[in-house]
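Survey of secondary and tertiary structure
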Amino acid sequence: MPDEKTLTRIANPTADDLAKEFREHSVAEFFKKNKQMLGLSGKTKALTTIIHEYITNSLDACENANILPEIEVHIKELEAEHYEVTVADNGPGLTRETVGKAFGQLLAGTKFHRLMQMRGQQGIGASGATMLSQMTTGKEIHVITGNDKEVISCDLSIDAKYNQPKVHNIKILTRKFRGTIVKAEFKEMKYVNNEQGPLEYVRRTAIANPHAKLTFTDPSGQTIAFERTAKTIPDKPEEVKPHPRGVTVDELLNLAKYTQARRTNSFLKIELDRMGDTAVKEVGEKVSFDLNKDPHALSWREIEEMVKAFKDITFIAPRTDALRPIGEEQIKRSLQTIVEPEFLSVVTRKPQVSEGGYPFQVEVSVCYGGKAGRRVGDEMRIEIMRFANRAPLLFDTGGCGITEAVKTVEWKRYGIRDSETAPLTVFVNLISVHIPYTGAGKQAISNDEEIVEEIRLALMESGRKTARYIISKEHERLKQEKKRIYMKYAIEVAIGLGELIEKDPKPIEHKLLETVAKRLKLDEQQEKKMEAQTDEDLEKELERLNKEDKKKGKAKKPAENEEGGEE
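Structure report, in brief. On a predicted model such as this, the values are computed, not experimentally measured, just so you know.

Taken together, the side chains of Tyr489, Val493, Leu497, Leu500 and Ile501 define a hydrophobic patch exposed on the protein surface, amounting to about 470 Å² of accessible area. Inspection of the secondary structure puts Leu500 in helix 14 (residues 449-501). Look at Leu500 and you get exposed, because its relative accessible area is 70%.

Structure below.
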């Protein structure tokens, strides 16, 4: 039993007492306790996120090495809620020095420190999967990797306390192999085959990455192959420098600390995008110190002065040639092959710049009819496919800026009466050197006003193309109906007139059909002249067609009674 003095100290700890409890934790320990921040919570979500992380790394590695990706994913059920996941790629492989960092050290990699368009950004994902395997099964993951020099296999885990990889059992293999195979077991998972499951993730990856061949084997042993529809590897993304309008005081101070420039004016031109002699001169006129000063000696206040000066200077917009869109033809080919719609339109907007000075670009497609949309039981529902730098986003739909943009479009204006139940697939890919994700799990993008508006404008443009297709389809239907009725009555009138004037009805019929053909051609020319150009025009035309359709429906009933249901 503690004495009274001890009990008092427990109830009222001093600064020295609290200091004894002070601990420093590694980033691995942090994410071990907060795995939901990596998207590794929830039985279904965690399994799909693991597949996402492995595929993302494989695609980035293949493209960096200029290799057409071939990725195989195999999920095997070992027992209830216990799976073995194997992902194999034909990438450049890893070295003995990098294999541990790639799979066993969080925030290590080739991505986090570079400002360039890539699927992954933080160097967390694959190591996060290793940590989850360890946490749920107590087992190490197994890796086989082959590069141009050697093929090795090893077992790997994470020392969470120090965020360091533990690599065991390293063996040199004699077989020839180039690429990486990772095999890991996970418990407390659930495989589902729905729009948030691993198969759907692979399907959407194939759509946004037409140059990749993906093969997926589910726990039942069924294998589905998504063949590549393009044989060209996307151009390598370029690394860009921070733009003066987006750089913060802290970022600029860090750049100044490590720059090799000896004078501040040189430092600005070397480390920042769009900073030329004219801009440097303007900065010099707006700050209180000499720009010949050594940048390593700049104070926080002096950096603040420069960042403030940047706001008053007109810079050329950030470089946008570092962006690598999928391309309209490739999106079209992918969607036609995998979604199989009746009609689709693709729109790529011009690159824009977000408030932080980051360039971004939007690609969208609206697929209508055919096998577009998603079937839930007996009902048809709209399918929204969200992508960021070609990587599918399957979760956190409601809080995503892409979903918000889709919802703000008035689809009725484009001939889609009820978008929620229409056979409609909406594809949106946002590309940027910095995707504004809402969390480290990278499942949704923030509601950035400029990005949401760009997506909305792209969808409206694509919607107009869809509306024109719907209108032309309706025109063609009405034209065929009109032609059928004209021809029917032309024949009957020719027979009656022939009897009346006692002449052969055939020449009369021929003449009447010629007149019908001319009339239909005139109608077609008139429709082309009246082709809708604006949203308002499209809306009026759709309204006119709807009214015409309703009128015909009303007129049809008495005719059916009189003529036995024919007209």
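What follows deals with helix 13 (residues 401-408). Of the positions making up helix 13, those classed as buried are Gly401, Ile402, Thr403, Ala405 and Val406. Where the residues of helix 13 are buried, they touch strand 14 (383-388), strand 15 (391-393), strand 16 (424-432) and helix 14.

Sheet topology note: the strand 4 (residues 151-159)/strand 5 (residues 164-173) ladder contains eight bridges and is antiparallel. Considered in strand 5, the bridge of Leu156 is made with Val167. In this antiparallel pair of consecutive strands, strand 4 and strand 5, the connection spans four residues, and Asn163 shows a positive phi of 50°.

Okay, the packing of helix 9 (residues 264-271) against helix 10 (residues 277-286) next. At a minimum axis separation of 10 Å, helix 9 and helix 10 run at an interaxial angle of 135°. Between helix 9 and helix 10, the crossing angle belongs to the class labelled oblique. Helix 10 is crossed by helix 9, and the crossing has right-handed handedness. Here helix 9 contributes Asn265, Leu268 and Lys269 to the contact with helix 10, which in turn contributes Asp277, Val280 and Val283.

So, about unusual backbone geometry. With a phi angle near 60°, Arg274 is a residue other than glycine that sits in the positive phi range. Assignment of secondary structure puts Arg274 in the loop between helix 9 and helix 10. Judged by its relative accessible area of 33%, Arg274 is partly exposed. Phi at Glu502 takes a positive value of approximately 55°, unusual for a residue other than glycine. With respect to the helices and strands, the residue Glu502 is situated in the loop between helix 14 and helix 15 (505-529). A relative accessible area of 73% means that Glu502 is categorised as exposed.

Okay, the sheet that holds strand 8 (residues 223-226) next. Paired through their backbone hydrogen bonds, the strands of a sheet run either parallel or antiparallel. Strands sit in the order 5-4-3-6-2-1-7-8 across an open sheet of eight strands; the sheet is mixed. For this open sheet the edge positions go to strand 5 and strand 8, each flanked by a neighbour on one side alone. Strand-to-strand twist in this sheet, taken as the mean axis angle between neighbours without regard to direction, amounts to 15°. Sheet strands touched by helix 5 (residues 96-104): strand 3 (141-146), strand 4, strand 5 and strand 6 (179-187). Its angle to strand 4, the strand with the most contacts, is close to 40°. On the sheet, helix 6 (residues 125-137) packs against strand 2 (82-89), strand 3, strand 4 and strand 6 and is oriented at approximately 35° with respect to strand 6.

The next point concerns the packing of aromatic side chains. Across all of its chains, the model carries six aromatic pairs by this definition. Between Phe343 and Tyr469, the aromatic rings sit 4.4 Å apart at their centres with planes inclined by 5°, giving stacked as the arrangement. Taken together, the residues span a long stretch of sequence, with Phe343 in strand 9 (residues 343-348) and Tyr469 in helix 14 at a distance of 126 residues. Under the relative-accessibility criterion, Phe343 is labelled buried at 18%.

Position of Ile451 among the secondary structure elements: in helix 14. With a relative accessible area of 3%, Ile451 lands in the buried category. Not counting chain neighbours up to four residues away, the residues in contact with Ile451 comprise Phe360, Leu430, Pro436 and Ile445.

With that out of the way, let us pick up empty space enclosed by the protein. Taken as a whole and judged by the stated rule, the model has four cavities of 30 Å³ or more. Its volume calculated, the largest cavity comes out at about 150 Å³. Asp60, Glu63, Gln117, Arg119 and Pro237 are the residues nearest the centre of the largest cavity, which is lined by 13 residues in total. Of the residues in the lining of the largest cavity, the class split is three nonpolar, three polar and seven charged.

The residue Thr217 is located in strand 7 (residues 213-217) in this model. It is 8.3 Å that separates the C-alpha atoms of Thr217 and Lys76, two residues lying 141 residues apart in sequence. Not counting residues up to four positions away in its chain, the partners in contact with Thr217 are Val73, His74, Ile75, Gln222 and Thr223.

Conventions and cut-offs
Residues numbered from 1 in each chain as written. Predicted model: local features only at pLDDT ≥ 70, side-chain atom pairs only at ≥ 80, totals over all residues. Heavy atoms only, no water. Patch = residues over 30% accessible without salt bridge, like charges linked within 9 Å, V, L, I, M, F, W, Y side chains within 5 Å. Areas by Shrake-Rupley, 256 points an atom, 1.4 Å probe, with all protein chains shown as cover. Salt bridge = Lys/Arg side-chain N within 4 Å of Asp/Glu carboxyl O. Helix = DSSP H or I, 4+ residues; strand = E, 2+ residues; numbered from the N terminus. Buried < 20%, exposed > 50% of the residue type's maximum accessible area, 1.4 Å probe, protein only. Contact = heavy atoms within 4.5 Å. Pairing = 2+ DSSP bridges. Axes fitted to C-alpha atoms, helices over the stretch in contact; angles between N-to-C directions. Parallel < 35°, antiparallel > 145°, perpendicular 65-115°, else oblique. Left-handed = near helix turned anticlockwise from the far one by under 90°. Phe/Tyr/Trp six-rings, centres within 6.5 Å; stacked < 30°, edge-to-face > 60°. 1 Å grid on protein atoms, 1.4 Å probe; cavity = no way out; pocket = protein on both sides within 12 Å on 5 of 7 lines; lining within 4 Å. Points joined across faces, edges and corners; volume = space filled by probe spheres on them. Nonpolar A, V, L, I, M, F, W, Y, C, P; charged D, E, K, R; others polar.

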